[in-house]
Protein chains: 2
Amino acid sequence: MDHVDRILAQWSRERPDLDVAPMGLLGRFGRLRAHLAREIERVLAEHGLSRASFDVLATLRRSGAPYRLSPGDLLAATMVTSGTMTNRIDQLEKTGMVERVQNPGDGRSVLVGLTPKGLAAVEEAVTAHVENQHRLVEALSPAERQELDSLLRKLLATFE
Amino acid sequence: MDHVDRILAQWSRERPDLDVAPMGLLGRFGRLRAHLAREIERVLAEHGLSRASFDVLATLRRSGAPYRLSPGDLLAATMVTSGTMTNRIDQLEKTGMVERVQNPGDGRSVLVGLTPKGLAAVEEAVTAHVENQHRLVEALSPAERQELDSLLRKLLATFE
DNA sequence: AGGATTTCTCTTGACGTCAAGAGAAACTGA
DNA sequence: TCAGTTTCTCTTGACGTCAAGAGAAATCCT
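Since the structure is predicted, the reported quantities are computational estimates derived from the model, not experimental observations.

> Run through the protein's contact with DNA strand D, naming residues and quoting values.
What surrounds DNA strand D is a group of 20 residues, the closest being Thr84 and Arg88 of chain A together with Gly72, Ser82 and Arg100 of chain B. Sugar plus phosphate, as a fraction of atoms of DNA strand D within 4 Å of the protein: 70%. A distance of 2.9 Å separates a phosphate oxygen of DNA strand D from a polar side-chain atom of Arg100 of chain B. At a separation of 3.0 Å, a phosphate oxygen of DNA strand D approaches a polar side-chain atom of Ser109 of chain B. Taken together, the elements giving at least two residues each to the surface near DNA strand D come down to helix H5 (82-94) of chain A together with helix H4 (71-78) and helix H5 (82-94) of chain B. Within the surface near DNA strand D, the residues separate by chemical class into four nonpolar, 11 polar and five charged.

What follows is the structure in structure tokens.
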């Protein structure tokens, strides 16, 4: 009997016409998401980064040298709107983590590149972040993690 | 090979020292969450409600007649801060969905109650919302939904 | 070649959230 | 009893997000 079970019990009493099984699943999903987000942001904050900033730096880092992508490329990788991406790049530029350089191939566009400072920050942060991710799922056995990953993959496939 | 697999492949090339299996699970979790949130908000918006507003109205509704709770009770149910809850109640009060009434039992506190308009809005919205929730998980078989729910419950239990 | 369309980034304004803390009322213990 | 502590709500200021759209460059089509 967890928090979500108590919510479902209330609905069953008040609206017995509703079939609330999916609400249970989605309710647990949502609460779990809030806990995971909090823990992930806490660790990134220890390295001076927000999740928004980290996502951009990590996308640049994993794209490989010379660690440069256009805002449009970053956009395609991150499920946010263009206005959000502009804001993220602005913040990172202010703190010297990235720089905007001219895109020789396209005058409408620009390239966002990691600075040495940004590269150092993301190398340090990603190591801690990956360790933290291990910790966050360690309550599940390897087989359970595999099973959960498979189910998430299947459901995710219906949206992308 | 989905979007998350491509991210993991990049990391494996750039940072082969990292074990990115948990990143895959959490990455799918995060992307799925974004899709689910978008769909849920779309349906609630059709009924004139944000998710924030709906959560408060739904909490009041499922608490049973007379549909009144203190901000603190609402806080305990919703994983947000007190400032956020004040703002949510303010917005709902502006649109006439809830009203603040004196709490006879505690002078520091107040009771937030559904108005007839708020009750009508939430009854309509919750029906559509539950239908939508069914739709969102229907790509999984009943057994898979059960399995996913169990795994989420187990992992969630480590945080609450 | 050049007008129409598309692509790409940025701007604006509104919204929801949090962290930190203030103020008022209720408890608690000597 | 009453000073100190706790509880409860609200305020403030900053942040991240989105939707809608503007402006500039590239591309397409005749």
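> Kindly report on the nonpolar core, identifying the contributing residues and their values.
Within the largest apolar cluster, 86 residues are counted, with the highest numbers of intra-cluster contacts made by Val98 and Leu148 of chain A together with Val98 and Leu148 of chain B. With residues up to four places along the chain from it excluded, the contact list for Val98 of chain A reads Leu57, Leu60, Ile89, Leu92, Glu93, Val112, Gly113, Leu114 and Thr115 of chain A.

> Pulling in residues and values, what's your account of the interface of chain B and chain A?
On the side of chain A, 61 residues touch chain B, which itself brings 61 residues to the contact. Between chain B and chain A, roughly 6,700 Å² of surface is buried when both sides are summed, and carbon and sulfur atoms account for 69% of that area. Joining chain B to chain A, the criterion identifies 14 salt bridges. Note that Arg31 of chain B and Glu160 of chain A form a salt bridge whose closest N and O atoms lie 2.9 Å from each other. Remark: the boundary between chain B and chain A carries 20 residue pairs in polar contact (both at pLDDT 80 or more). Where the side of chain B that touches chain A is concerned, the elements lending two or more residues are helix H1 (3-14), helix H2 (21-46), helix H3 (51-62), H4, helix H6 (116-137) and helix H7 (142-157) of chain B.

> Lay out the packing of helix H1 (residues 3-14) of chain A against helix H2 (residues 21-46) of chain A in plain terms, naming residues and giving numbers.
Each pair of packed helices can be described by the angle between their axes along with the distance between the axes. Residues and elements named next belong to chain A. Running from amino to carboxyl end, H1 crosses H2 at an angle of 145 degrees, the nearest separation of the two axes being 9 Å. As for how H1 packs across H2, the hand of that crossing is right-handed. Along the contact surface, H1 presents His3, Val4, Asp5, Leu8 and Trp11, while H2 presents Met23, Gly24, Gly27, Arg28 and Arg31. Considering only residue class, the contact of H1 with H2 consists of four nonpolar, three polar and three charged.

> If you had to explain the relation of the copies chain B and chain A to someone new, which residues and values would you point to?
For the match of chain B to chain A, the screw axis carries a shift of 0.0 Å, the RMSD comes to 0.0 Å, and the turn is 180 degrees. With respect to symmetry, the two chain copies, as superposed, fit the operation of a two-fold axis. Across chain B, the rotation axis passes nearest the C-alpha of Leu148 of chain B, at a separation of 3.3 Å. When you check the interface residues of chain B against chain A, 100% turn up at the interface there too, and the contact is symmetric in its surfaces.

Parameters and conventions
Residues numbered from 1 in each chain as written. Chains lettered and ligands numbered in written order. Predicted model: local features only at pLDDT ≥ 70, side-chain atom pairs only at ≥ 80, totals over all residues. Heavy atoms only, no water. Near = heavy atom within 4 Å. Polar contact = N/O pair within 3.5 Å; in protein donor to acceptor, adjacent residues only side chain to side chain. Helix = DSSP H or I, 4+ residues; strand = E, 2+ residues; numbered from the N terminus. Nonpolar A, V, L, I, M, F, W, Y, C, P; charged D, E, K, R; others polar. Core = buried A, V, L, I, M, F, W, Y, C linked by side-chain atoms within 4.5 Å. Buried < 20%, exposed > 50% of the residue type's maximum accessible area, 1.4 Å probe, protein only. Contact = heavy atoms within 4.5 Å. Buried area = accessible area lost by both parts, 1.4 Å probe. Salt bridge = Lys/Arg side-chain N within 4 Å of Asp/Glu carboxyl O. Axes fitted to C-alpha atoms, helices over the stretch in contact; angles between N-to-C directions. Left-handed = near helix turned anticlockwise from the far one by under 90°. Least-squares fit on C-alpha atoms with pLDDT ≥ 70 in both.

Note that every value here comes from positions in space, so none of it alone points to a role or purpose.
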